[in-house]
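Listed below are the residues making up each chain.
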Amino acid sequence: MNRVSIQLKIFSGIAVILLISVSLSVVISVVNQRNALLETSQRDVRITNEILNAVIRNIMLDGEAPLAVSTIEDLQQVPGLDQLQIYRRDGRVAFSDFETLDFVNDFQTFMMFGRTPRQDDEEVSLEAFQRTVESSTPQVVENIADRQLEFFFPIINTADCRVCHGSDHLVRGVAYYRVSLQRVFTEIDRGRNTLIIFFLGTGGFIALVLFSLMRRVVIAPVQSLGQVVQTVGQGNLDVQAEVRSRDEFGLLSQQINTMISGLKEKNRLELENSIIETRNRENQKYLDNIGEGLLLIDSERKISPQYSRFISELFGTDDIAGLGLDQFIYPDEHPDSDLRRELRDFLDVIFDSVQTEMDMIMSINPLKDLSLQVSSGEGTRRIIIDASFYRIMEGDRVENVMVIFTDRTNLVEVQEELERERQRSDAELEQIAAVLRIGPGSFSEFSADAHSVLERLERLESGSGGLDIEALARDLHSVKGTARYLNFLAIGESIHEVETHLPDAADAKLSAGFFPALDRFRRDLAGIEEIKTRFLSFSAASSQGDAAPGARESNVLEFRRAVQRMIGEIADQQEKRIAVKFRGSVRNLPDFRSLRPLLIHLVRNAVDHGLEERYERLAVGKDEEGRIEFIFSRTEDGGYKIIVADDGRGIDFDAVRARAERRGLIEEGKRLSRQDLVKILFSPGFSTRDSADELSGRGVGLDAVQAGIAEMGGRISVWTQEGKGTHFTILIPENFSGQSSGNDG
Amino acid sequence: MKAKYINPFIKATHNLFSDFLGVSVTPGAPFLKDESSGMYEVSGIIGLAGETKGAVVLSLSRESAIKAISKMEEREYRALSNEVIDGVGELINIIAGNAKQDLLEFRIEISLPGVVTGSEYKIHWPEGIPVIVIPFESEIGKFSVNVSLRDIA
Amino acid sequence: MKILIVDDSGVMRRIHKNTLLEQHVKDEDITEAPDGASALEIAERETFELFLVDWNMPRLDGLSFVKHLRASEKYAKTPIIMITSEAAKYNVMEAIKAGVTNYVVKPVRGNTLWEKIKDYVK
C-alpha cells in the first residue's frame, strides 16, 4: 500500500484552498471592476449622446444642417470615441444625400434649404441598429474580441422635428458610437495582476504560517507518536512519547505512555515468569553442568536454593540452601569460632560497605586457596578451593552476593605430584649414589624391613585382625627414619603418609586416605627394588676389585655423612643453624642395622625439640648455630659408648609433667622428682600421635629407643639442664648379637 | 624469640630496599644486641603494642640514609636534611606496617615513628625483651634492623 | 577536581603530589594536610572530590579522619583512598568498616598508585 504522507496531504490541501480562494477573489474583483468600468463608459457615452442629441436638434431646428454636419465631423475627432456616426432610419449615414433635404423642402413652405456638400455614404445593417429603430430604445453591443463597445441611441422624432420631417415616424435615426475598451481592459488586467500578486503573496505567507502551525501542532506530534508506536511495535518498550502540549496530542501521548508502561509491566511480569521458569529449568541445567561452584547469598546472608551441582560434588554435601556461608564452609567449627566469624564479617562488609571497592575487599578474602577436609559417603578428603565474590546491586544496595568456587585441588595435587616426580627422579640418582656409597648390605636391610612392614600393612588393608598396631607403628617409623637416612626421600614421604592414616587400633575403620597412601608406598618400594636390581647388575658388570666400594667403609663414617645430610635439610625448614660434630676413634659399630634407627631417632629429637631456632638462641645469649655432637668410644669392658649431645634448651620438665597428666600417665598434681619424670619420658605411650608434624616423632618416642637398646642388651641414660642441652648416653655390650627390631612381627 | 617473629621484619626490609628502592642488600649474621652495637647515625624507631609489645629500629649510616631517601623521592639529597629524617621515619613505618602482614599470631598496633640522629644516643628498649640485630650490607652503605618483640607462645 | 593529600610525612606528600602532577592534575587543585585534625578543618572549609589519606598520623589518625568524613553528609560518598604501610588483614578490615573506598599498601610506585586512583580522578 502506498502511503501518502500526512505532511503532503496537509500541504496540498492548503495549497488547493489557497489557489481556489485566490482565483475566486481575483475573478470577483475583476468582474466587479470590469462592470464598474463598463458602466462608467456607458454613462459617459450616454451623456455624450444626450449632448449630441440636444446640440444637433437645436442646430437642425435653426435649419443649419451644415452646422450639424460640421459639428458631427468635429465630434468625430474627440479622443475616446473610436467612431461617431449618425444614421438615418433607413440605415444610411445622415447628410450623405439630398433625400431628406428634398423631402423637407417639399413638406413645408416657410423655408427652402439649399443643397450643401454631402457626407460619405455608408449603410449600416446591423441587427442592433434595426432593434433600435424598431423598439426606439438604445442598444449596447459589446464586442469582446475587438475589446469594443458599440452604442446605438435612437434619435426621436420629437414634436419640434415633426414640423419639418412629418409625424409618420417615431424614430428619425440612430446615433452610433463605438468606444474602445482597450484602456479599460488594460486597467482590468493590471488590476488583476496586482491582485493576483498580492493574493499569492499574502496567501503564500498565510499558507506558510498555516503549514508550519500545522506542522508543529499536528504533523510533528503525529510523526513522533508514530515513531514511538512503531518502536513499541518492534518490541522496544524503552521509549516514551513526549508529552509536550496540553491538547489532544498531549493526552494521546499520555495514553500511549500509559499503554507502553502497561505493556512493559505485562512484559516484565511475563519475563519474570519466564525467568522464574527458565531459572528453574535452564539455570538448573546450567548450574548442573558448569564446572564451577556457583551460589548466591541473599541479603539475609543465607545461601539461595539455586546453586550449581558442582558445589554438591565438590563439597560432597547437598541441601545447602538456607545455610549461612560460614556454616556451609566450616560445618565442624563452632559458630563463634574465629574462622566462622571472619567469614561472616567478610560477607557483611561485601553487603554493607558499598563505598568500598570489591578489589580492596577481595584482598582479605578468607576463602582464597583454602584447604578443607570434606567428608562424604566414603570418608574424608582434602579439597583446595578458591572463592570469588561478586556483588549484585539493586540501586545503591547489594541485593545478592554471588560466590564462585573454583576447585584447585587437582591443580595443586598435580603440582605436588610433579614435584614428587621431580624429587623422585632427582632422588633416584642420589639413591644410586647412596647405594654405591653404603653398599648393597644396608640397602638389603632396608628393603627387608620395608617389606616386613608392607606385609603387615597389607594384612591390615585386607581386614585380617590380630595385629600389634603399636609395634607396626614403631617399625613403620623406624623404616621411615632409615629411608630418610638413606636419602630415599620419596619413599620416606609415602611412609609418612601411611603413618598419618594408620588407625589407632587393629579393628578400627580405615580412613579413605589409607589406601592411596599404601599404594604409593608399595609403588615406591617397588621402585627402590628396581634400583637395587640395577645396582646389582651394575656391580656384577664392574671389575671385581671395585664392586660395592662402600662395603668396606666404616659404618660410623657412613652414618656421619647421612646424618649431616639429613640435618642440613631439616635445619633449613626449621629456621635453625646446626653444626654436627663426630668424635671418637670407633670405626664400626656392632649390629648397626638395629642401632642406626635408634641413633637417628635421637638426632631427630635433638633437632626437633632440643635445639632452639636461631633467634631464640641469640635471645638467650647463645650462638646462632646449635650443636649436635656424637661421641663414639669403647668402654673398658670392650663394650661401646655412644653419646648424643645437643646444646639446646634441655628437657622441659613442666611440659613433660603436663603432658603425662593429660595422657593419664600420672595423677594430676602429684609431686614427682625429675628422675620420675625421666622415667615417664621413656615410658610407652608418652609421646603421642596427635601432633601430626612431619618431623617430630609420632607415637614412637624414647620408649622405642629404650626398647631397642634393651633388646641389644644395652642401656640408655639422659642428662639434661634447662638452657644448656640434653645428652643421651648409650652403652652396648661388645658381644651382643641382636635381632632386628623390625622383623619381629 | 621465634624466627616467625623476626622474619617478617627482615622480609619487609628486604622488600623495601631491594624490590622498591632497587638497592641490592645482603643480610649478615644476626646477633644479640649489647649496648650500642649495630647502631648508626640515623635511627628510625617504632614502638609495637597490642597483643604483644616491643620495638623495631631501622638504623642507617648517614650516607645510606641520604641515599635511601634520595632514591625513594627520586630527588638528590646531599645532607642529612629534615626531609631525609622525615623519610627515615617513613621507612621504619613501612617496615613495621608491612611486617604486620606476616605476624599472624597477634594483633599489633604500631606507634608513630621517631627518628634520632647523632653519634651518641642510647635507645631505651623495652625492658626484659632481648633485641635481635640483623645487619645489612648494601650498595648504599650499612644499616641494621633491630627487633625486640615479646613472644607470646 | 580538588584533591586533599593527608600524610604526616612531607616526603610522602611530595611523592603523592608528584604522581598526580605527572598525570596532569593541576597544582592548584592539590591541597596538603599534615595530620587528620588539620585535614578535617580544611575539608570543612573547602570541598574536595578525592582524599588520599595516610593511617598513622599525629593528632588525628587516618582511620578516625575517614570515620569523621563518612559521618558528614558532605563526604558520605566521596572517594577516599587510604595509602598506608599497614598491611595486616585486620587493618584492611578496619579500613573497610570505616568506609574507605580503596586501599594502597606502601611502599607504592607512582604508576601503581595512579592505576588505583585514576578512576576517581576526573
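Being a predicted model, the structure only gives us computed values, none of them experimental. (Residues numbered from 1 in each chain as written. Chains lettered and ligands numbered in written order. Predicted model: local features only at pLDDT ≥ 70, side-chain atom pairs only at ≥ 80, totals over all residues.)

## Quick notes on the overall build of chain C
Thought 1: Check the secondary structure of chain C and you find 5 helices and 5 strands.
Thought 2: Seen in sequence order, chain C has helices and strands lined up from the N terminus as β-α-β-α-β-α-β-α-β-α.
Thought 3: Among the 122 residues that make up chain C, the fraction classed as buried is 49%.
Thought 4: In chain C, the share of contacts with a sequence separation of at least 24, taken over all contacts with a separation of at least 6, comes to 63%. (Helix = DSSP H or I, 4+ residues; strand = E, 2+ residues; numbered from the N terminus. Buried ≥ 20, exposed ≤ 12 C-beta atoms within 10 Å, placed from the backbone. Contact = placed C-beta atoms within 7 Å.)

## Let's talk about the overall build of chain A
Thought 1: Scanning chain A from terminus to terminus reveals 21 helices and 14 strands.
Thought 2: Evaluated residue by residue, chain A yields a buried proportion of 26% over its 745 residues.
Thought 3: By sequence separation, contacts in chain A at least 24 residues apart represent 59% of the contacts at least 6 residues apart.

## Overview of the nonpolar core
Thought 1: Ranked by internal contacts, the top residues of the largest apolar core, which has 61 residues, are V498, L599, L602, V603 and V644 of chain A.
Thought 2: Among the elements that take part in this core, helix α17 (residues 592-610) of chain A stands out by supplying 8 residues, more than any other.
Thought 3: The contacts of L602 of chain A, once residues within four sequence positions are left out, are V644, V705 and F728 of chain A.
Thought 4: By size, the runner-up hydrophobic cluster in this structure holds 55 residues, among which are L295 of chain A together with V66, V100 and I117 of chain C. (Core = buried A, V, L, I, M, F, W, Y, C linked by C-beta atoms within 7 Å.)

## Structural notes on the interface of chain A and chain B
Thought 1: Contact with chain A, which involves 9 residues of that partner, is made by 10 residues of chain B.
Thought 2: Grouping the amino acids of the side of chain A that touches chain B by side-chain chemistry returns 3 nonpolar, 1 polar and 5 charged. (Nonpolar A, V, L, I, M, F, W, Y, C, P; charged D, E, K, R; others polar.)

## A closer look at the interface of chain C and chain B
Thought 1: Taken residue by residue, the interface counts 16 residues in chain C and 19 residues in chain B.
Thought 2: At 5 residues, helix α1 (residues 10-22) of chain C tops the list of elements feeding residues into the side of chain C that touches chain B.
Thought 3: Class assignment of the residues belonging to the side of chain C that touches chain B gives a composition of 8 nonpolar, 5 polar and 3 charged.

## Overview of the confidence of the model for chain A
Residues and elements named next belong to chain A.
Thought 1: Considering every residue of chain A, the mean pLDDT works out to 80; 88% of them sit at 70 or more.
Thought 2: Overall, residues 543-551 carries pLDDT values under 50, and its contacts beyond four positions in sequence, including any with other chains, amount to 13 contacts.
Thought 3: Within the model, the stretch residues 738-745 combines pLDDT values under 50 with 16 contacts to residues more than four positions away or in other chains. (pLDDT = per-residue confidence, 0-100.)

## A word on the confidence of the model for chain C
Thought 1: Averaged over chain C, the pLDDT score is 93; the fraction of residues at 70 or greater is 100%.
Thought 2: Complex prediction metrics read pTM 0.61 and ipTM 0.94.

## What to know about the packing of helix α1 (residues 6-61) of chain A against helix α2 (residues 65-75) of chain A
All names here are of chain A.
Thought 1: Remark: α1 packs on α2, axes separated minimally by 8 Å, with the N-to-C direction vectors making an angle of 155°. Between α1 and α2, the crossing angle belongs to the class labelled roughly antiparallel. Remark: the crossing between α1 and α2 carries right-handed chirality. Side by side, α1 and α2 meet where L52, V55, I56, I59 and M60 of the first sit next to A65, L67, A68, T71 and L75 of the second. (Axes fitted to C-alpha atoms, helices over the stretch in contact; angles between N-to-C directions. Parallel < 35°, antiparallel > 145°, perpendicular 65-115°, else oblique. Left-handed = near helix turned anticlockwise from the far one by under 90°.)

## A closer look at helix α14 (residues 489-500) of chain A
Thought 1: The terminal C-alpha atoms of α14 of chain A, which comprises 12 residues, lie 17 Å apart, in line with the 16 Å expected from a rise of 1.5 Å per residue.
Thought 2: Regarding α14 of chain A, the residues found buried are A490, I491, G492, E493, S494, I495, H496, V498 and E499 of chain A. (Expected span 1.5 Å × (residues − 1).)

## A closer look at the sheet that holds strand β1 (residues 83-88) of chain A
All names here are of chain A.
Thought 1: Pairing is antiparallel across the open sheet formed by 4 strands, whose spatial order is β1-β4-β3-β2. Each edge of the sheet is formed by a strand with only one pairing partner; in this case those strands are β1 and β2 (139-143). When strand polarity is set aside, the average angle formed by the axes of neighbouring strands in this sheet is 15°.
Thought 2: Of the strand pairs in this sheet, β2 and strand β3 (residues 148-156) are connected by 5 bridges, and their pairing is antiparallel. Bridging across to β3, V140 finds its partner in F151. (Pairing = 2+ DSSP bridges.)

## Considerations on the sheet that holds strand β2 (residues 30-33) of chain C
To summarise the sheet geometry, strands pair through backbone hydrogen bonds and adopt either a parallel or an antiparallel arrangement.
All names here are of chain C.
Thought 1: Judged by pairing direction, the sheet is parallel, and its 5 strands sit side by side in the order β2-β1-β3-β4-β5 without closing on themselves. The open sheet has two edge strands with one neighbour each: β2 and β5 (102-105). For this sheet, the mean angle separating the axes of adjacent strands, direction not counted, is 20°.
Thought 2: Where strand β3 (residues 50-53) lies against strand β4 (residues 80-84), 3 bridges are found, and the strand directions are parallel.

## Details of the pairing of strand β4 (residues 54-60) of chain B
Residue and element names in this part refer to chain B.
Thought 1: Across the 7 residues that make up β4, a large majority, 7, are buried.
Thought 2: Summarising the sheet, strand β3 (residues 42-50) and β4 pair through 7 bridges and their orientation is antiparallel. For S43, the partnering residue across the bridge sits in β4 and is S59.
Thought 3: Judged from the 7 bridges that link them, β4 and strand β8 (residues 143-149) form a sheet pairing that is antiparallel. Within β8, the position partnered with A55 by the bridge is S148.

## Digging into unusual backbone geometry
Thought 1: Here the residue pair K106 of chain C and P107 of chain C is connected by a cis peptide bond, since its omega of 0° sits within 30 degrees of zero.
Thought 2: Here P107 of chain C is to be found in the loop between β5 and α5 (110-117).
Thought 3: With a phi angle near 50°, S136 of chain A is a residue other than glycine that sits in the positive phi range.
Thought 4: With respect to the helices and strands, S136 of chain A occurs in the loop between α4 (127-135) and β2.
Thought 5: By C-beta crowding, S136 of chain A is classed as partly exposed, having 16 other C-beta atoms within 10 Å.

## Some words on the environment of R215 of chain A
Residue and element names in this part refer to chain A.
Thought 1: Within the fold, R215 resides in helix α6 (residues 182-233).
Thought 2: Here R215 falls in the partly exposed class, since 16 other C-beta atoms lie within 10 Å of it.
Thought 3: Expressed as a C-alpha distance, the spacing of R215 and I6, which sit 209 residues apart in the sequence, is 9.8 Å.

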